[in-house]
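Coordinates in review
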Amino acid sequence: LSYAASLNNYEEAKIHLEEYIQNKKKDINPRYRPLYHVAPPVGWMNDPNGFTYHNGEFHIFYQYYPYDSVWGPMHWGHSSSSDLVNWKELPTALLPEEEQCFSGSAVSEGDQMILMYTGRRSTNVEPLFNESQYLAFSDDGVNFQKYEGNPVLTETPNNSPDFRDPKVWKYGNDYYVIIGSKTLDNRGRVLLYKSNDLKSWEFLTILGESEGDMGYMWECPDFFELDGKFVLLMSPQGLEPQGDRYKNIYQNGYIIGSFNYDTNEFVPEVPFQETDYGHDFYAATTTEANGKRYLVAWLSMWEVPHPEDTDGWAGQITLPRELSIVNNRILMKPVEAIDNLRDSVEVDGDVGPNEVYVFGKAVELLVDSDLEQKVDLLLEGRDGGGKVWLRWDPEVRKVVLDRGSDDIRQVEWSPIGSHTWRIFLDASSLELFCGEGEVVFSSRVFPLGGWKVTNHSPQSLRIKAFNLKRSVP
Ligand code: FRU
């Protein structure tokens with residue numbers, strides 16, 4: 001199955017892998033490499049995993065295949081940060097053996113960090129795979145040992161083979177975990193279990209389940225309390241597009257409700273809403289630190305081209321966002337420490353119609369919009385490559401992100417406070433935060449050279465723009 005399994009010594013395999021990564025890094029073509037988003041050093045990544053705050057540091061792991069820039073036997077890549085903005089690369093945390101290391105989460109217990117992940121094994125009976133839950137422990141936050149008693153959780157109430165992406169947390173003296181699964185007639189669902197030692201688990205209840213129109217599989221569930229409500233966040237597969245909604249291949253969104261730890265009942269109060277309205281946002285996951293709830297997601301999507309794969313890598317993680325709930329919606333704001341990346345001020349004032357500005361590859365733009373006037377901003381590579389238009393029409397009142405050729409995402413916006421658009425551009429991504437974060441778009445764009453911005457609106461726009469500093473290796 002994997003390089004690690006072909007060597008009889010797991011530790012030896014880890015050393016070989018790190019040497020391989022350091023060597024292979026030299027061949028990376030930097031043209032689309034993010035300057036302030038986490039991306040794999042080489043090879044492929046998908047979901048962020050094990051997002052946690054441990055001993056004063058944030059940790060992000062991710063689904064990782066180092067040997068090619070396409071999906072392959074899953075490892076866990078690893079980065080850490082003290083402020084969610086400046087990241088350092090750490091050695092690969094988990095290597096596949098007879099099990100691939102699918103998505104999962106982490107808990108911090110004093111000096112110990114514990115990972116819980118799905119071990120996916122091949123079998124020779126239909127459906128030719130088995131998914132069960134595994135543990136790994138670390139005393140230093142860098143080196144992880146798989147638990148010798150793995151797997152610790154093997155069965156769903158209906159024996160569904162789809163049983164993955166555990167999100168574990170502690171409440172009181174108990175651990176809880178939710179796991180993505182489906183009914184026998186292919187409706188996505190999320191299962192809740194409880195344990196007092198992480199090793200033996202008791203099934204509690206079905207926390208949520210599609211009634212038929214919410215997809216065939218719920219991947220990467222998360223569950224947390226936020227501003228007095230409970231949120232079931234997940235990545236459903238199989239939603240049909242409805243007008244402007246659900247235009248991506250798979251979706252990410254959440255249900256707000258209430259929950260009671262005595263009855264284990266989650267009562268939905270607000271129906272499913274998309275978390276982010278961009279093209280490339282999946283497998284979102286959260287963590288809590290110092291009373292704040294942060295979210296990251298895979299800034300990409302399954303079954304779409306990855307133009308960077310010929311450069312030796314593929315995939316990246318969104319900017320971490322701080323969450324709150326206002327008017328039954330999750331607001332997402334870029335983490336505060338992102339302000340520390342501001343370098344030179346490039347623009348500060350009125351930008352007239354057809355005026356053009358050029359920037360580096362990492363840019364923050366603040367556009368003060370007057371909701372009664374049209375906005376039409378073109379962002380593109382200085383040397384060609386990807387183009388994206390951001391628009392607002394006072395008649396339609398939708399924020400529009402247009403990658404050309406009708407590749408549009410749009411949503412109605414009624415600001416609850418600020419009217420400013422905060423736009424983060426990196427070497428292959430754009431994140432647009434509208435107002436207080438009630439509407440956010442995350443999409444990949446592939447400009448060449450730095451960025452060039454043209455005001456195609458009929459009037460001036462008030463713009464402030466900064467080049468940003470690099471914060472990832
Ligand atoms: C979501 C997902 C997970 C799975 C992982 C495999 O993107 O399909 O359900 O654990 O990716 O890499």
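Note that the coordinates shown come from a computational prediction; the quantities given were computed from them, not determined experimentally.

1. Some words on the layout of surface pockets
- Taken as a whole, the largest pocket spans an internal volume of roughly 520 Å³.
- Looking at the largest pocket, it is lined by 25 residues, and the ones nearest its centre are Val168, Trp169, Lys170, Glu288 and Arg293.
- Of all the secondary structure elements, the ones that give two or more residues to the lining of the largest pocket are strand S1 (43–54), strand S5 (100–109), strand S9 (163–171), strand S13 (217–226) and strand S17 (282–289).
- Its residues placed into classes, the lining of the largest pocket shows twelve nonpolar, six polar and seven charged.
- There is about 400 Å³ of room inside the second largest pocket.
- What lines the second largest pocket is a set of 19 residues, among which Glu209, Glu211, Met214, Trp218 and Ile255 lie closest to the centre.
- Elements with a minimum of two residues in the lining of the second largest pocket: strand S12 (202–209) and strand S16 (265–274).

2. Digging into the packing of aromatic side chains
- Tallying each qualifying case throughout the model produces 33 aromatic pairs.
- With 5.7 Å between their ring centres and 15° between their planes, Trp169 and Tyr176 make a pair best called stacked.
- Since its relative accessible area comes to 13%, Trp169 is described here as buried.
- Exposure remark for Tyr176: the relative accessible area of 2% places this residue in the buried category.
- Taking the ring centre of Trp313 as reference, the NZ or CZ of Arg33 above it sits at 4.9 Å.
- It is Arg120 that lies over the ring of Phe129; its NZ or CZ is 3.9 Å from the centre.

3. Section: the domain arrangement of the protein
- Once the domains are mapped, the protein shows domain 1 (3–334) and domain 2 (338–468).
- Placing the centre of domain 1 and that of domain 2 at their C-alpha centroids yields a distance of 30 Å.
- At the junction of the two partners, domain 1 supplies 40 residues and domain 2 supplies 36 residues.
- Both sides of the domain 1 and domain 2 interface together cover about 3,200 Å² of buried area, and 55% of this is carbon and sulfur.
- Among the residues of domain 1 in contact with domain 2, Tyr36, Tyr277 and His279 are the three that bury the most area, contributing 23% of the side total.
- Seen at the junction of domain 1 and domain 2, the total is five salt bridges.
- Taking the shortest distance from any N to any O, the salt bridge between Glu436 and Lys333 comes out at 3.1 Å.
- If you look at where domain 1 meets domain 2, you find 29 residue pairs in polar contact (both at pLDDT 80 or more).
- Here the element with the most residues in the side of domain 1 that touches domain 2 is strand S21 (residues 329–334); it accounts for six residues.
- Tallied by class, residues from the side of domain 1 that touches domain 2 come to 19 nonpolar, ten polar and eleven charged.

4. Re the site of the ligand
- Close to the ligand lie 13 residues; Asp47, Gln63, Arg164, Asp165 and Trp302 are nearest.
- Here Arg164 contributes a side-chain N or O atom positioned 2.9 Å from an oxygen atom of the ligand.
- Within the side chain of Glu219, a nitrogen or oxygen atom sits 2.9 Å from an oxygen atom of the ligand.
- When residues of the shell around the ligand are traced back to their parent elements, those giving at least two are S1, S5, S9 and S13.
- Its residues assigned to classes, the shell around the ligand comprises six nonpolar, three polar and four charged.

5. Some words on the nonpolar core
- With 67 residues, the main nonpolar core has Tyr36, Val231 and Ile330 as its most contacted residues.
- Viewed by domain, this core spans two of them, domain 1 (3–334) and domain 2 (338–468), each represented by three or more residues.
- Setting aside its immediate chain neighbours within four residues, Val231 contacts Asp222, Phe223, Phe224, Leu226, Tyr254, Ile255, Ile256, Ile325 and Ile330.
- Residues Leu377, Leu390, Trp413 and Leu432 belong to the second largest nonpolar core, which totals 32 residues.

6. Regarding the pairing of strand S4 (residues 88–94)
- Where strand S3 (residues 75–81) and S4 come together, four bridges link them in antiparallel fashion. Note on S4: the bridge partner recorded for Ser80 is Lys88.
- From the end of S3 to the start of S4, which pair antiparallel, there are six residues, and Leu84 there has a positive phi angle of about 70°.

The rules behind each value
Residues numbered from 1 in each chain as written. Predicted model: local features only at pLDDT ≥ 70, side-chain atom pairs only at ≥ 80, totals over all residues. Heavy atoms only, no water. 1 Å grid on protein atoms, 1.4 Å probe; cavity = no way out; pocket = protein on both sides within 12 Å on 5 of 7 lines; lining within 4 Å. Points joined across faces, edges and corners; volume = space filled by probe spheres on them. Helix = DSSP H or I, 4+ residues; strand = E, 2+ residues; numbered from the N terminus. Nonpolar A, V, L, I, M, F, W, Y, C, P; charged D, E, K, R; others polar. Phe/Tyr/Trp six-rings, centres within 6.5 Å; stacked < 30°, edge-to-face > 60°. Buried < 20%, exposed > 50% of the residue type's maximum accessible area, 1.4 Å probe, protein only. Lys NZ or Arg CZ within 6 Å of the ring centre and 35° of its normal. Domains from an automatic or database assignment. Contact = heavy atoms within 4.5 Å. Buried area = accessible area lost by both parts, 1.4 Å probe. Salt bridge = Lys/Arg side-chain N within 4 Å of Asp/Glu carboxyl O. Polar contact = N/O pair within 3.5 Å; in protein donor to acceptor, adjacent residues only side chain to side chain. Near = heavy atom within 4 Å. Core = buried A, V, L, I, M, F, W, Y, C linked by side-chain atoms within 4.5 Å. Pairing = 2+ DSSP bridges.

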